[in-house]
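Reading the structure
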Amino acid sequence: MTQTNTSQEAASGLPIHSFSRCHDGIRTQLQSLARLPQQISETARAGATAQQALSMFRNVVFDHHAEEEKDLFPAVLAASNSEEYGGLRTMVDALTAEHRQIEALWRRLEPGLEQLAQGQPAQLDTALLIELVTRYEAHAQSEEEQFLPRAESILGRRDPSMAALGFSLHMRHQLREASRNDVPHAG
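Source: prediction; values computed, not measured.

Criteria and cut-off values
- Just so you know, the residues in each chain are numbered from 1, in the order the chain's sequence is written.
- Given that this is a predicted model, residues contribute local features only at a pLDDT of at least 70 and side-chain atom pairs are listed and counted only at 80 or more, while totals for whole chains, interfaces and linings are drawn from all residues.
- Hydrogens are left out, water is left out, and the side-chain values use all remaining heavy atoms of the structure.
- Every residue carries a pLDDT, the predictor's confidence in it, which falls somewhere between 0 and 100.
- For helices the rule is a DSSP run of H or I covering at least 4 residues; for strands it is a run of E covering at least 2, with both sets numbered from the N terminus onward.
- It only takes one pair of heavy atoms within 4.5 Å for two residues to be counted as in contact.
- Working definition of a nonpolar core: buried Ala, Val, Leu, Ile, Met, Phe, Trp, Tyr and Cys residues. They are joined through side-chain atoms within 4.5 Å.
- Categorising residues by exposure relies on relative accessible area from a 1.4 Å probe, with only protein chains included: less than 20% of the type maximum marks a residue as buried, more than 50% marks it as exposed, and the intermediate range marks it as partly exposed.
- To estimate how far a helix should extend, the number of its residues minus one is multiplied by 1.5 Å.
- Note that the bend at a residue is defined as the angle between axes fitted to the seven residues ending at it and the seven residues starting at it.
- Definition of a polar contact: a pair of N or O atoms within 3.5 Å, with one able to donate and the other able to accept a hydrogen when the atoms are protein atoms, and with sequence-neighbouring residues admitted only if both atoms are side-chain atoms.
- Every angle, taken between N-to-C directions, lies between 0 and 180 degrees, and every axis is a line fitted to C-alpha atoms, over only the stretch in contact when it is a helix.
- What sets the label is the angle itself: under 35 degrees gives roughly parallel, over 145 gives roughly antiparallel, 65 to 115 gives roughly perpendicular, and the rest give oblique.
- By definition, turning the near helix anticlockwise from the far helix through less than a right angle yields a left-handed crossing, and turning it clockwise yields a right-handed one.
- Note on residue categories: nonpolar means Ala, Val, Leu, Ile, Met, Phe, Trp, Tyr, Cys or Pro, charged means Asp, Glu, Lys or Arg, and polar means any other residue, Gly included.
- A pairing counts as a salt bridge when a side-chain nitrogen of Lys or Arg comes within 4 Å of a carboxyl oxygen of Asp or Glu.
- Any two rings among Phe, Tyr and Trp, with Trp reduced to its six-membered ring, count as a pair given centres within 6.5 Å; such a pair is stacked if its planes are under 30 degrees apart, edge-to-face if over 60, and tilted if neither.

Things to note about the confidence of the model for the chain
Averaged over every residue, the pLDDT of the chain is 80; the share at 70 or more is 73%. Highest mean pLDDT in the chain belongs to helix 5 (residues 82-117) (96); lowest belongs to helix 1 (residues 3-12) (47). Throughout residues 1-11 the model reports pLDDT below 50, and contacts reaching past four residues in sequence, or to other chains, amount to four contacts. Counting interchain partners and residues more than four positions distant, the pLDDT-below-50 stretch residues 181-187 has one contact.

Dropping the structure here:
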């Protein structure tokens with residue numbers, strides 16, 4: 001086994017990679033959402049896609065943004081050195097602003113998606129929908145290519161920060177799963 005393979009395998013277990021993997025699922029759902037305008041005449045399919053998108057934003061995207069802002073971003077900033085801090089602060093502020101922009105676009109689309117999810121006819125602003133998908137794609141790519149590699153490097157220098165971040169994320173996911181399991185399911 002080469003040194004590169006060993007470090008890649010070790011890195012894949014770090015909590016920072018859960019943020020990157022989360023983007024994959026969000027991107028997949030957003031691609032389905034981007035196809036929604038062509039599916040509106042197929043009411044059942046459009047309703048299912050709209051319901052999945054509503055669930056994803058409410059249960060994944062907003063939580064993902066909150067976790068980054070509450071746990072990841074502060075941990076990276078706290079672990080950075082004085083030369084890194086200014087650039088990281090700018091990057092964190094930009095990523096946080098992008099979160100708010102994505103969430104604002106979502107809120108404008110949400111009422112129409114709610115109608116579709118309930119099987120009702122709805123008007124969707126296709127341009128707004130494409131803007132949401134495009135902005136999220138750009139945000140995730142920037143975060144994965146620029147911020148997360150730097151964050152991994154910085155946090156990797158301070159094991160206690162990595163451990164605290166990993167524990168915090170683990171506990172939050174455990175609590176979320178426990179609360180979902182308490183909700184009665186229709187079936």
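Regarding the nonpolar core
In this structure, L30, L33, L36, F57, W106, L113 and L132 are the most contacted members of the largest nonpolar core, which totals 26 residues. Those elements that provide at least two residues to this core are helix 2 (16-34), helix 4 (43-79), helix 5 and helix 6 (126-156). Residues in contact with L132, not counting those within four places in the same chain, are L30, L33, F57, I102, L105, W106 and L109. Judged by nonpolar contacts, the second largest core, of 17 residues, contains L95, F147, A151 and I154.

Quick notes on helix 5
The end-to-end C-alpha separation of helix 5 is 49 Å, in line with the 52 Å expected for 36 residues at 1.5 Å each. Where helix 5 bends most, the angle comes to about 40°, and this point is E110, followed within four residues by the proline P111. The N-cap of helix 5, judged by a side-chain oxygen 3.0 Å from the amide nitrogen of E83 a few residues on, is N81. Positive backbone phi, at 80°, marks G119, one or two positions downstream of helix 5.

Here's the deal with the packing of helix 5 against helix 6
Viewed as axis vectors pointing N to C, helix 5 and helix 6 meet at an angle of 155°, and their least axial separation amounts to 10 Å. Here helix 5 is positioned roughly antiparallel relative to helix 6, judged by the angle of their axes. Considering the relative orientation of helix 5 and helix 6, their crossing is left-handed. Residue classes in the contact of helix 5 with helix 6 are distributed as 14 nonpolar, five polar and seven charged.

Observations regarding the pattern of salt bridges
A complete count under the given rule lists 10 salt bridges for this structure. We note a salt bridge from E114 to R58, for which the minimum N-O separation is 2.6 Å. Note that E114 is positioned in helix 5 and R58 in helix 4, a separation of 56 residues in sequence. Given the relative accessible area of 37%, R58 is considered partly exposed. Between E84 and R157 there is a salt bridge, with its nearest N and O atoms 2.7 Å apart. Placement of the pair is E84 in helix 5 and R157 in the loop between helix 6 and helix 7 (159-181), with a sequence separation of 73 residues. Put simply, D24, R27, E137 and E144 are held in one network by salt bridges that share partners.

Re the packing of helix 4 against helix 5
Where helix 4 meets helix 5, the closest approach of the two axes is 10 Å, and the angle between their N-to-C directions is 160°. On the basis of the axis angle, helix 4 is roughly antiparallel to helix 5. Where helix 4 crosses over helix 5, the handedness of that crossing is left-handed. Tallied by class, residues from the contact of helix 4 with helix 5 come to 18 nonpolar, five polar and nine charged.

Concerning the packing of aromatic side chains
In total, this model carries three aromatic pairs according to the counting rule given. Arranged with centres 3.9 Å apart and planes meeting at 0°, the rings of F57 and W106 form a pair that is stacked. Taken together, the residues span a long stretch of sequence, with F57 in helix 4 and W106 in helix 5 at a distance of 49 residues. Each ring, one from F73 and one from F147, has its centre 5.2 Å from the other, and the planes form 85°; the classification is edge-to-face. Of this pair, F73 sits in helix 4 while F147 is found in helix 6, placing the two residues 74 residues apart along the sequence. Taken individually, F73 and F147 each receive the classification buried, so the pair is uniform in this respect.

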